[in-house]
Amino acid sequence: MVCASLLFSANVLAWGAQSDAEHGLKDAEISARVEGILKQMTLQEKIGQLSLQFVFGPSASIESNLAKGELGSLLFVTDPHERNRLQHIAVEQSRLHIPLIFGFDVIHGFRTIFPVPIGMAASWEPELSKTSQAIAAREASAVGISWAFAPMVDIARDPRWGRIVEGSGEDPYLGSQMAAAQVKGFQGEYIGQPDHLLACVKHFAGYGAAIGGRDYDESNLSEAQLRNVYLPPFHAAVKAGVGSVMTAYMDLNDVPATANRWLLHDVLRSEWGFKGLVVSDANAVKDLTSHGFAANNQDAAVRALKAGLDMEMSNGPSAISTKLKSSYEEGMVDLQQIEDADRYILEAKIRMGLFEHPYVDEAHAVSILNSRDSREEARSAAQRSAVLLRNEEHVLPLHPKGKKIAVIGPLADSKVDTLGPWSFQDDLQETLTVLDGLRSKFGTVSEISFAPGVQIPPRFVPSPFAMLFPKKTGEQWNAERAAQESAKAVQLASSSDLAILVLGEEQDMSGEYASRTSLKLPGDQENLLKAVVATGKPVVLILLNGRPLDLRWASQHVPAILEVWYPGTQGGIAVADLLDGSAVPGGKLPFTWPRDVGQIPTTYDHNLTMHPNDQDKR
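A few points on the structure. In this text, all values refer to a predicted model and were calculated from it rather than measured experimentally.

1. Describing the overall build of the chain
Move 1: Summing up its helical and strand segments, the chain has 23 helices and 16 strands in all.
Move 2: Computed over the C-alpha atoms, the radius of gyration of the chain is 25 Å, within 12% of the 25 Å expected from 2.2 N^0.38 for a compact globule of 618 residues.
Move 3: Taking the principal axes of its C-alpha atoms as reference, the chain extends roughly 80 × 70 × 45 Å.
Move 4: Restricting to contacts in the chain with at least 6 residues of sequence separation, those with at least 24 account for 80%.
Move 5: A total accessible area of about 23600 Å² is found for the chain, and carbon and sulfur atoms account for 51% of it.
Move 6: Charge-centre separation for the chain: the mean point of 56 positive side chains lies 2 Å from the mean point of 75 negative side chains.

Here it is as structure tokens:
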């Protein structure tokens, strides 16, 4: 545990000092530039800087607002040519030539995909995370992304919550170390360092404690829990110099985080001395009305701004952009509150060098994205993140020479599921599945055959972010086809010397909007596992997943179990390295693994009170 007295020490890293000396910018110079810009801005231009809007294609209204200087930031523009086109409108057609800042969800890689964050946390190596995020920053910044909406540092103690996959698990110390390392990886030694991004630590705060593990639901936490468990990773990110903070969706103790002045002002600004900008999560300001906290969008915009929010993220015209001018005219907010928010945003753009270098070199972007220099780092990260859960009867390492190997399971040859959630700009063609990796490494010395065995049923409620992920192809099997495929897989195992089963969750079963009521292997996977084990052949179970799963049966009947999470671009070859002993699985679990969902919540550091078997000893 991290005690409150340590958590709130005076060790606060300001934006200036060493970083400014290296960057050639002084705080006073930046402040003077900001004030000079503010003096020239109209009210509508000042309000426009406070909005970050989604872009999924050409939009006349967005381009009109850019030309008028009434929109400050865009999200989801990753084509460097389109990015430059929009930036030209903002810089050359607007009155004051203020550049846009382009943001993107760079979570565990950009083109080169690393293991998901919970997997990286399993390495217990902050430097590994720092290196991976520096690579992601280099690739993303090459196409013109200046702002990454990561790291996510929410402590997660309910594995039913889908976003456990994005963080570092249940421990505040590990979470703090990983948070600081990722900030340094994204930003470098100072904000604005070439080939780096502005980091955004999220979601402030308590999001991971949503009741029942239900995404977006309320959190009710004592101040002791907040300060000792849920806030330390955020504080570590602030001390590491993070440039921005994203607010959480949910109610924290009956006050929505996006309009929670205690969080955004008293703790973040006053206690920690944070000097960066605060942005909402998508549509979180408008959702203040859903909470019943705001009467309408105008009330929501005013409440968020007064609480300490600087920028609203939305997938359409924001509450701030449409309602703040009338709120000012009606005396609901004053000019200083608007300008204070603008100062943080303009300062970030100046520090990132966007006024001097608003455009990107499109040829350079192609060169960086086509480079394979980072692939070995991704392979190593997948090896060091993997956790060996069980190895009995000397099943591992494998000696594949001359063996018939059956590779079975619905995830064994799925590129999308090898990458995992929150990977939007990957190159699927170069992604190595487990089957790819085994064939590449063992194909010349052993006979490798594949059967999926079962299909995982699709989610009943599709994620609102499904449009961002590649779609799986192929028809759903009917009952007859399902029986045939299962029998084929069992027969393949029976005729082989060894069976490697690749089971777990499809990538859209983890992440945002992906909570589960059960931790069981989805679909008919456990029955397939039981049938293959019943053949009597040695079995290795490889898990692709973003949360602990119910392994009660497997832990008693499967001799070798290897947790590889969603291992990323080089995941398949990394798994092959681990299976034959070329690499050693370096991971340790970053959370308590429950045997049954009924045990939740259970953590290693819960307070001991009374044990029923000790009553007679008192």
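2. Comments concerning the sheet that holds strand 15 (residues 539-544)
Hydrogen bonding along the main chain pairs the strands of a sheet, whether they run parallel or antiparallel.
Move 1: Here six strands make up an open sheet; going across it, the order is 11-16-15-14-12-13 and the pairing mixed. Two strands close off the open sheet at either side, each with one partner strand: strand 11 (387-391) and strand 13 (447-451). This sheet shows a mean twist of 15° between the axes of neighbouring strands, independent of strand direction.
Move 2: Note that strand 12 (residues 404-408) and strand 14 (residues 498-504) share four bridges and pair parallel. Each bridged residue has a counterpart across the sheet, and for V407 the counterpart in strand 14 is I500.
Move 3: Strands in contact with helix 23 (residues 571-579) are strand 14, strand 15 and strand 16 (560-563); relative to strand 15, the strand with the most contacts, it is inclined by about 145°.

3. Describing the sheet that holds strand 6 (residues 244-247)
Move 1: Pairing within the open sheet is parallel, and its three strands lie in the order 5-6-9. The strands lining the two open edges of the sheet, one partner per strand, are strand 5 (200-204) and strand 9 (277-279). Averaged over all neighbouring strand pairs, the angle between strand axes comes to 25°, with direction disregarded.
Move 2: By the bridge criterion, three bridges tie strand 6 to strand 9 in an arrangement that is parallel. Looking at the pairing, V245 lines up with V278 of strand 9.

4. Some thoughts on the pairing of strand 12
Move 1: Of all the five residues making up strand 12, four are buried; the element is thus mostly covered by neighbouring parts of the structure.
Move 2: Pairing geometry for strand 12 and strand 13, over five bridges, is parallel. Bridging from a neighbouring strand, V407 pairs with F450 of strand 13.

5. Here we look at the packing of aromatic side chains
Move 1: For the coordinates displayed, the defined rule picks out 16 aromatic pairs.
Move 2: Both rings, one in W147 and one in F149, keep their centres 4.8 Å apart while their planes meet at 50°; by these two values the pair is tilted. Take W147 and F149: they sit in the same class, and that class is buried.
Move 3: For the ring pair W565 and F591, a centre distance of 5.9 Å and an interplane angle of 90° mean the geometry is edge-to-face. One end of the pair, W565, is in the loop between strand 16 and helix 23; the other, F591, is in the segment after helix 23, with 26 residues separating them in the sequence.
Move 4: For F591, a relative accessible area of 8% gives the class buried.
Move 5: Feature note: the residues F54, F56, F76, F104, F110, W422 and F424 constitute an aromatic cluster, connected by ring pairs.
Move 6: Sitting over the ring of Y344, R269 keeps its end group 3.8 Å from the ring centre.

6. Structural notes on the pairing of strand 1 (residues 51-54)
Move 1: Going residue by residue along strand 1, you find S51 and Q53 tucked away on one face and L52 and F54 tucked away on the opposite face as well.
Move 2: As paired elements, strand 1 and strand 10 (residues 312-314) share three bridges and run parallel to each other. Following the sheet pairing, S51 is matched in strand 10 by E312.
Move 3: As paired elements, strand 1 and strand 2 (residues 73-75) share three bridges and run parallel to each other. Within the sheet, the bridge partner assigned to Q53 lies in strand 2 and is L74.

7. Re the packing of helix 10 (residues 223-230) against helix 11 (residues 232-239)
Move 1: Running from N to C, helix 10 and helix 11 point in directions that differ by 50°, and their axes come no closer than 6 Å. One finds that helix 10 runs oblique with respect to helix 11. On the side of helix 10, the interface is formed by L226, R227, N228, V229 and Y230, while helix 11 contributes P232, P233 and F234.
Move 2: Classifying every residue of the contact of helix 10 with helix 11 by side-chain character gives six nonpolar, one polar and one charged.

How each quantity is defined
Residues numbered from 1 in each chain as written. Predicted model: local features only at pLDDT ≥ 70, side-chain atom pairs only at ≥ 80, totals over all residues. Heavy atoms only, no water. Helix = DSSP H or I, 4+ residues; strand = E, 2+ residues; numbered from the N terminus. Rg over C-alpha atoms; globule rule 2.2 N^0.38 Å. Contact = heavy atoms within 4.5 Å. Areas by Shrake-Rupley, 256 points an atom, 1.4 Å probe, with all protein chains shown as cover. Lys, Arg positive; Asp, Glu negative; His and termini not counted. Charge placed at Lys NZ, Arg CZ, Asp CG, Glu CD. Pairing = 2+ DSSP bridges. Axes fitted to C-alpha atoms, helices over the stretch in contact; angles between N-to-C directions. Buried < 20%, exposed > 50% of the residue type's maximum accessible area, 1.4 Å probe, protein only. Phe/Tyr/Trp six-rings, centres within 6.5 Å; stacked < 30°, edge-to-face > 60°. Lys NZ or Arg CZ within 6 Å of the ring centre and 35° of its normal. Parallel < 35°, antiparallel > 145°, perpendicular 65-115°, else oblique. Nonpolar A, V, L, I, M, F, W, Y, C, P; charged D, E, K, R; others polar.

Interpretation note: all reported values are geometric properties and have no functional meaning in isolation.
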